[in-house]
Amino acid sequence: DGVLKLTERWDHAQAYLADMNGRRAALAAERGLTVRDYFAREELAVANAVPTAEGAIQIAMEQLPITIHGARVLVVGFGRVGRALAPRLQALGARVTVAARYESLAWAQASGYGTEQTGQLAGWLCGYDLVVNTVPALVLGEAELADLKPDCLVLDLASKPGGVDLEAARRL
């Protein structure tokens, strides 16, 4: 049936998976299974960022009450997905700002985006129409979410645990 059960022994077998965590990798090693995480290969991770960015743009176009052209957009994080998303939004006419760690801000600024430091967003979010998070750690908590205007669309593209406080978002 094509399913490898990690309760069985698989000497010299190999499996190619995405996003292997330490627990699963240890269990596989105990069972004699060699696991290769294909997202550990940079070219595949970058290739995955493109459809993720395109999907985010599709959702934004469907859900926003305005067009992307002229929209004020904040991209939180400037890793693979952020770097794929920001130029696509800008090409559609969005006014793009990138919030990232200090070391990434120079690249964002050199690419023509406005910049903000990730840890200093509270109090500065009220003007955005779209906020897209790509950071897999909490960056948009209750204080940041409360600052958003009521019709701002927030998309969380980050890997688990995500970067948006969903409980706070429900309360607000």
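Residues numbered from 1 in each chain as written. Predicted model: local features only at pLDDT ≥ 70, side-chain atom pairs only at ≥ 80, totals over all residues. Heavy atoms only, no water.

Moving on: the overall build of the chain. Looking only at helices and strands, the chain features six helices and seven strands. Going from N to C terminus, the chain has its helices and strands arranged as β-α-β-α-β-α-β-α-β-β-α-β-α. When the 172 residues of the chain are sorted by exposure, 37% land in the buried category. Taking the intrachain contacts of the chain between residues at least 6 apart in sequence as the baseline, contacts between residues at least 24 apart amount to 46%. Of the roughly 10200 Å² that the chain leaves accessible, carbon and sulfur atoms contribute 53%. (Helix = DSSP H or I, 4+ residues; strand = E, 2+ residues; numbered from the N terminus. Buried < 20%, exposed > 50% of the residue type's maximum accessible area, 1.4 Å probe, protein only. Contact = heavy atoms within 4.5 Å. Areas by Shrake-Rupley, 256 points an atom, 1.4 Å probe, with all protein chains shown as cover.)

Opposite charge on two side chains permits them to pair, given that their charged atoms come into close proximity. Counted under the stated rule, the structure contains five salt bridges. One salt bridge connects E167 with R170, and the closest N-O pair in it is separated by 3.1 Å. Note that E167 and R170 are positioned in helix α6 (residues 166-171) at a spacing of three residues, about one turn of the helix. Here R170 falls in the exposed class, since its relative accessible area comes to 61%. (Salt bridge = Lys/Arg side-chain N within 4 Å of Asp/Glu carboxyl O.)

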